[in-house]
Amino acid sequence: MRKTRKCAFCGKEFTCNSGSQRYCSEQCAEAAKAQRKKRQQDFLKAVQPVIDIASQEYLTFSKAAILMGCSRQYVYKLVNEGKLPASRISSRMAFIRKADIEKMLAGNPYHRVLPTSKYKNPSSLSLKKEHDSGKSMRKEDSFQDIEPLDYISGEDVMRIYKVKKSWLYVSAKRNNIPMCKIAGRNYYSRKHMDELFGVTAEIEALTEWLTTEEAVVLYSTTRESLRTQAYRRHIPTRREYGKTYYSKIHLDEIFRPDLKASDAYYTTAEAAEKYGLTKSNICVIVMKNNLTKVKVGVQNLIVKEELDRIMASRLAQFGSYRLQ
């Protein structure tokens, strides 16, 4: 019984006469042969420029793009950012040395990337028409005093600094954070991210943090007052997944919960309630008698002993605590 197969060219089923027959007809066999020959010719056409380029020392931008396997526009970008040197010999012709390409790739520039002119750097390395035909386009001297930056991926930024992706994009754009794109992924300057999100050695050493809600309850203050104190007193803060955290140690130094809990001090409200006066009356008495007061956040704490002595003398002299 003869076997049936599918033609390797047209896909139709046919009854084969031998075990090595692959095509249903001579026409399909000839067409398949022509297709293989065309594929080989196309391959040679694609490889031939690379073979020719391999023997050349100086390359045009188009040939450099073929050798590197990228677009010509990307080669212009590398030259513009100072990562790849180029030399202009006329107003319409510039060349790149193959040795410079190999040096750039060996240096792995994306691990330590020089900041580009987009982020306020001294000079742009864009290709401009030069009147001097022998003028070199090498710009290493323009960047010799600039320290290369260490870059980390966006995923590492979100993991280290505890921020959301949307917040990262908005913050990077708003603060002009140097960045580069590699294989479709964004990489950001770690130094600038440290400055933006406040992750320093001092802050890393802090262990106690409070959310806004916890700080408002603990220190009996308002959100507005908390933000104002944090801004004016430079209290270390950090953001994690959209929430702001404040350093508890620094807040304790400002709001002094130990003094508020102490029996040695009155708040203005407590003194007014005890002596049946208004808070304004208490403030006037404190000011006129130069009583000791301690500023805690937005509140003034008054020494109990001093205020009690003054109020006792007023009671003995005037028969009441009221201002006369």
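For the structure itself, consult the block above.
These numbers come from a predicted model, not from an experiment. (Residues numbered from 1 in each chain as written. Predicted model: local features only at pLDDT ≥ 70, side-chain atom pairs only at ≥ 80, totals over all residues. Heavy atoms only, no water.)

J.: Honestly, the packing of helix H9 (residues 212–219) against helix H11 (residues 248–255) in this entry has me stumped. Any pointers?
T.: Geometry of a packed helix pair, given as the angle between the helix axes and the separation of the axes. Their axes nearest at 12 Å, the elements H9 and H11 cross at an angle of 30 degrees. Taken together, the axes of H9 and H11 are roughly parallel relative to one another. In the crossing of H9 with H11, the sense of the turn from one axis to the other is right-handed. Across the interface between the two elements, Ala215, Leu218 and Tyr219 from H9 touch Lys248, Leu251, Asp252 and Phe255 from H11. (Axes fitted to C-alpha atoms, helices over the stretch in contact; angles between N-to-C directions. Helix = DSSP H or I, 4+ residues; strand = E, 2+ residues; numbered from the N terminus. Parallel < 35°, antiparallel > 145°, perpendicular 65-115°, else oblique. Left-handed = near helix turned anticlockwise from the far one by under 90°. Contact = heavy atoms within 4.5 Å.)

J.: Can you help me understand the environment of isoleucine 51 in this one?
T.: Along the polypeptide, isoleucine 51 turns up in helix H1 (residues 26–54). We classify isoleucine 51 as partly exposed; its relative accessible area is 48%. (Buried < 20%, exposed > 50% of the residue type's maximum accessible area, 1.4 Å probe, protein only.)

J.: How should I be thinking about the sheet that holds strand S11 (residues 237–240) in this particular structure?
T.: By way of backbone hydrogen bonds, the strands of a sheet pair with one another, either parallel or antiparallel. Read across the open sheet, the three strands follow the order S10-S12-S11; overall the sheet is antiparallel. Each end of this open sheet is capped by a strand with a single partner; those strands are strand S10 (209–211) and S11. Neighbour-to-neighbour, the strand axes of this sheet turn through a mean angle of 35 degrees, independent of strand direction. Two strands pair when backbone bridges link them, and S10 and strand S12 (residues 243–247) are joined in this way by three bridges, in the antiparallel orientation. By the bridge assignment, tryptophan 209 is partnered in S12 with serine 247. Sheet strands in contact with H9 are S10 and S12, and its direction is about 95 degrees off that of S10. (Pairing = 2+ DSSP bridges.)

J.: Where do I start with the pairing of S12 in this structure?
T.: Every other side chain in a regular strand lies on the same face of the sheet, so the side chains alternate between the two faces. Where S11 lies against S12, four bridges are found, and the strand directions are antiparallel. Paired with arginine 238 across the bridge in S12 is tyrosine 245. Hairpin connection between S11 and S12: a loop of two residues separates the two successive antiparallel strands, and tyrosine 241 in this loop has a positive phi of roughly 55 degrees.

J.: Would you take a moment to explain the pattern of salt bridges for this structure?
T.: Pairing is possible between side chains that carry opposite charge, provided their charged atoms lie close to one another. On inspection of all chains with the given rule, the structure shows eight salt bridges. Put simply, arginine 97 and aspartate 100 hold a salt bridge, and the shortest N to O gap is 3.1 Å. (Salt bridge = Lys/Arg side-chain N within 4 Å of Asp/Glu carboxyl O.)

J.: Before we go on, may I ask you to explain the nonpolar core in this structure?
T.: One broad trend across soluble globular proteins is that nonpolar side chains are buried collectively. Judged by nonpolar contacts, the single largest core of 14 residues is most densely connected at Phe61, Ala64, Val75, Val79, Leu84, Ile96 and Ile101. Going through the elements one at a time, helix H2 (61–68), helix H3 (72–80), strand S5 (94–97) and helix H4 (98–106) are the ones with two or more residues in this core. If you look at the next biggest cluster of nonpolar residues, it comprises 13 residues, including Tyr266, Ala271, Ala272 and Ile310. (Core = buried A, V, L, I, M, F, W, Y, C linked by side-chain atoms within 4.5 Å.)

J.: What am I meant to see in the pairing of strand S15 (residues 299–303) here?
T.: In the sheet, strand S13 (residues 265–267) pairs with S15 via three bridges, with the strands oriented antiparallel. Considered in S15, the bridge of threonine 267 is made with leucine 301. Across four bridges, strand S14 (residues 293–296) lies against S15 in antiparallel orientation. Paired with lysine 295 across the strands is asparagine 300, a residue of S15.

J.: Which parts of the structure should I look at to understand the packing of aromatic side chains?
T.: What describes a pair of aromatic rings is the distance from one ring centre to the other and the angle between the planes of the rings. Taken as a whole, this structure holds one aromatic pair when the rule is applied. Measuring from centroid to centroid gives 4.5 Å for phenylalanine 61 and tyrosine 76, while their planes differ by 40 degrees, and the two rings are tilted. Here phenylalanine 61, found in helix H2, pairs with tyrosine 76, found in helix H3; they are 15 residues apart in sequence, far enough to count as distant. A residue is classified by how much of its surface remains accessible, and phenylalanine 61, at 6% relative accessible area, is buried. (Phe/Tyr/Trp six-rings, centres within 6.5 Å; stacked < 30°, edge-to-face > 60°.)

J.: Would you mind going over the sheet that holds S15 with me for this structure?
T.: Read across the open sheet, the three strands follow the order S13-S15-S14; overall the sheet is antiparallel. What marks the edges here is a single partner per strand, and that holds for S13 and S14. Strand-to-strand twist of the sheet, defined as the mean angle between neighbouring strand axes without regard to direction, takes the value 35 degrees. Taken strand by strand, helix H13 (residues 268–275) contacts S13 and S15, and its axis lies near 90 degrees from that of S13.

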